[in-house]
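The residues making up each chain are set out below.
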Amino acid sequence: RTSARSTTPTPTSRHRFNAAMPRHSPSPAFITPLLDPLSVSKPTPRLAFTGRPSFAARARPRPLPTAVVGPDNDTSGDEVNVVERPTLDDGCGVAELNDSAVAFVEGAEVAEVAEVAEVAELPHPTKITSTSSGHVRSGSIEYVKQMRERLGSLCATGGEDPLWQAMREEAQEVADEEPLLASYLYVTIINQKSIASALAFHLANKLRSHSLPNTLLMELVSEVAASDPEFCLAMHEDLLAYLERDPACTRFIDAFLYFKGYHALQSYRVAHWLWKNKRFPLAYYMQSQISKELQVDIHPGARIGPGAFIDHATGIVIGETAVLGARCSILHHVTLGGSGRAHGDRHPKVGDDVLIGAGATLLGNIRIGNRVQIGACSLVLESVEDGTTVVGVPAKAVQRGVGVPSLSMDQQAIEEGSGKSGNGPAV
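Let me sum up the structure you'll find in this document. All values derive from a computational prediction rather than experimental measurement. (Residues numbered from 1 in each chain as written. Predicted model: local features only at pLDDT ≥ 70, side-chain atom pairs only at ≥ 80, totals over all residues. Heavy atoms only, no water.)

A few words on the overall build of the chain. Within the chain, the secondary structure is distributed over 13 helices and 18 strands. Across the 427 residues in the chain, those meeting the buried criterion constitute 47%. Counting only contacts in the chain whose residues sit at least 6 apart along the sequence, the fraction spanning at least 24 positions is 47%. For the chain, the exposed area adds up to about 21700 Å²; of that, 52% sits on carbon and sulfur atoms. (Helix = DSSP H or I, 4+ residues; strand = E, 2+ residues; numbered from the N terminus. Buried < 20%, exposed > 50% of the residue type's maximum accessible area, 1.4 Å probe, protein only. Contact = heavy atoms within 4.5 Å. Areas by Shrake-Rupley, 256 points an atom, 1.4 Å probe, with all protein chains shown as cover.)

Take a look at the structure:
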């Protein structure tokens, strides 16, 4: 039957799609871009150096070779000269390239290179005087002693910081040895103004979150460092302790950049300053972030003296009313905990120069004397006299008069009365 209506089909979306699709190429490879316009691949910009193959070298204070920029499917491109290193935006680690979309934060990750332009010039870092003298080897015990003497009353009087000079010198040497880390080292250490600003930048990138971005954390750490001489002293003494007691630490920047025990310790000191200034919510927030990011749970109300050394750090728990004296060394999975549900003073009080072995647990409001050594995995439920080594579950005294265990880090017990160190049970 013939109808008066047109027999032309209604142009539905399906018909429009078919009309847009060539009849000779109905392959999925052609259909996908039509279904999802965002999936269309674009030529990726490419930055290729004809000389040293390291983008990190852009942050170096020397001219770079010619660079060629162009899409992957085009070998031709405009040649430009990248001759200067980028400026830093107040230490935040963002390279200000005039017309480029390059940004490096935390390890020089390249977001995108749209084009390469000339970069504003930065003066070469000030020549760093070597901190070693004569035959003293950098990183040796004597080297640390000389550094401690030179620091003196630096935090109280100001002046040139020899430790910071040494760190910049070390960072420059490592940047020369390992070009892939050059941008990271320049952003984190060499281009910073002081050890306090470098620490603020580094901790902010470690502990940042959506709730508290790194810019606000940098301001917070800088405020603490500028207003609290005790924080300044502890920051230096803690770093000296790592080089002095950890054979794995061969440079100051090893602990500063890579050892999470040092990061957790300095982050705790920021939270403790907040606690002392009655800023309890922010102090608790810092404790939470430290626990989440570094696996170390130190209550901001706890008190830890300068020159502390936390080795490996994973699993450390220190309660609210705990006290850890000066120059103490503790290993991973150590607990300074309370006992019972009572409020008030309920955690251990540890003296100076104490060594606490891995996995040791100290419970209750007990006193641990000066120069005490506590064996690995020991359970300490009673007070311990000065200069005593205790081992076991529960811990029992096995030796008296052990010198300064937190500095010697000698974790071999001695039989009482033997008078010399030996290959006894590990503590």
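Right, picking up where we left off after that structure.
On to the sheet that holds strand S13 (residues 361–363). Strand order in the open sheet formed by 5 strands is S4-S7-S10-S13-S16, with parallel pairing between adjacent strands. Unpaired on one side and paired on the other, strand S4 (296–298) and strand S16 (379–380) mark the two borders of the sheet. The pairing of S13 with S16 spans 2 bridges and is parallel. By the bridge assignment for S16, Leu362 is matched with Val380. (Pairing = 2+ DSSP bridges.)

Quick look at the packing of aromatic side chains now. Considering all chains together, one arrives at 6 aromatic pairs under this definition. Both rings, one in Trp275 and one in Phe280, keep their centres 4.6 Å apart while their planes meet at 70 degrees; by these two values the pair is edge-to-face. Exposure remark for Phe280: the relative accessible area of 33% places this residue in the partly exposed category. Taken together, the ring pairs connect Tyr242, Phe256, Phe259, Tyr262 and Phe309 into an aromatic cluster. (Phe/Tyr/Trp six-rings, centres within 6.5 Å; stacked < 30°, edge-to-face > 60°.)

This part is about the nonpolar core. Core analysis: the biggest nonpolar cluster contains 93 residues, and Met167, Phe252, Phe256, Ile356 and Ile368 have the highest contact counts within it. Excluding its chain neighbours within four sequence positions, the residues that come into contact with Ile368 are Lys349, Val350, Gly351, Val354, Leu362, Ile374, Val380, Glu382 and Val384. (Core = buried A, V, L, I, M, F, W, Y, C linked by side-chain atoms within 4.5 Å.)

Sheet analysis places strand S17 (residues 388–391) next to strand S18 (residues 396–400), joined by 4 bridges and oriented antiparallel. Each bridged residue has a counterpart across the sheet, and for Val390 the counterpart in S18 is Ala397. What sits between S17 and S18 in their antiparallel hairpin is a turn of 4 residues, with Gly392 showing a positive phi close to 115 degrees.

Here helix H5 (residues 162–177) is 16 residues long and its end C-alpha atoms lie 23 Å apart, about the 22 Å a rise of 1.5 Å per residue gives. Every buried residue belonging to H5 is among Pro162, Leu163, Trp164, Gln165, Ala166, Met167, Arg168, Glu170, Ala171, Gln172, Val174 and Ala175, and all of these are buried. Sitting at the head of H5, Asp161 places a side-chain oxygen 3.0 Å from the backbone nitrogen of Leu163. (Expected span 1.5 Å × (residues − 1). Polar contact = N/O pair within 3.5 Å; in protein donor to acceptor, adjacent residues only side chain to side chain.)

Contact geometry for helix H7 (residues 195–207) and helix H8 (residues 214–227): axes closest at 8 Å, N-to-C directions at 140 degrees. With respect to H8, the element H7 is oriented oblique. With respect to the hand of their crossing, H7 and H8 are arranged in right-handed fashion. Here Ala196, Ala200, Phe201, Ala204, Asn205 and Leu207 of H7 come into contact with H8, specifically with Asn214, Leu217, Met218, Val221, Ser222 and Ala225. Counted by class, the contact of H7 with H8 contains 9 nonpolar, 3 polar and no charged residues. (Axes fitted to C-alpha atoms, helices over the stretch in contact; angles between N-to-C directions. Parallel < 35°, antiparallel > 145°, perpendicular 65-115°, else oblique. Left-handed = near helix turned anticlockwise from the far one by under 90°. Nonpolar A, V, L, I, M, F, W, Y, C, P; charged D, E, K, R; others polar.)

Viewed as axis vectors pointing N to C, helix H6 (residues 182–190) and H7 meet at an angle of 125 degrees, and their least axial separation amounts to 8 Å. Compared by their axis directions, H6 and H7 come out oblique. Listed contacts from H7 to Tyr184, Val187 and Thr188 of H6 are Ala198, Phe201 and His202. For the contact of H6 with H7, the residue count by class is 4 nonpolar, 2 polar and no charged.

Attention now goes to H7. Across its 13 residues, H7 extends 18 Å between first and last C-alpha, which sits within 8% of the 18 Å expected from 1.5 Å per residue. Counted residue by residue, H7 has 12 buried out of 13 residues, so it is predominantly covered.

Before going further, it helps to spend a moment on the sheet that holds S18. Read from one edge to the other, the open sheet built from 6 strands follows the order S6-S9-S12-S15-S17-S18, with strand pairing classed as mixed. Single-partner strands in this sheet number two, and they are strand S6 (309–310) and S18.

Time to look at the side chain of Ser406. Relative to the helices and strands, Ser406 is located in helix H13 (residues 405–408). Here Ser406 is in contact with Arg245, Arg327, Cys328, Ser329, Asp353, Val354 and Leu355, once residues within four sequence places are set aside.

So, on to the environment of Val144. With respect to the helices, strands and loops of the structure, Val144 is situated in helix H3 (residues 141–151). Here Val144 falls in the buried class, since its relative accessible area comes to 0%. In sequence terms Val144 and Leu163 are 19 residues apart; their C-alpha atoms lie 9.8 Å from each other. The residues touching Val144, leaving out its near neighbours within four places in the chain, are Leu240, Leu243 and Glu244.

What the rule picks out here adds up to 11 salt bridges. Put simply, Glu320 and Arg346 hold a salt bridge, and the shortest N to O gap is 3.0 Å. On the criterion of sequence distance, the pair formed by Glu320 in the loop between strand S7 (316–318) and strand S8 (323–324) and Arg346 in the loop between strand S10 (335–337) and strand S11 (349–350) is long-range, its members being 26 residues apart. Using a relative accessible area of 23% as the deciding quantity, one classes Arg346 as partly exposed. Note that Arg367 is salt-bridged to Asp386, the shortest N-O span being 3.6 Å. In this pair, Arg367 sits in strand S14 (residues 367–368) while Asp386 sits in the loop between S16 and S17, placing the two residues 19 residues apart along the sequence. Since its relative accessible area comes to 45%, Arg367 is described here as partly exposed. (Salt bridge = Lys/Arg side-chain N within 4 Å of Asp/Glu carboxyl O.)

Among the structural elements, Gln287 can be located in helix H12 (residues 280–294). Looking at Gln287, the relative accessible area reads 13%, which means it is buried. Contact partners of Gln287, with chain neighbours within four places excluded, come to Asp297, Ile298, His299 and Pro300.

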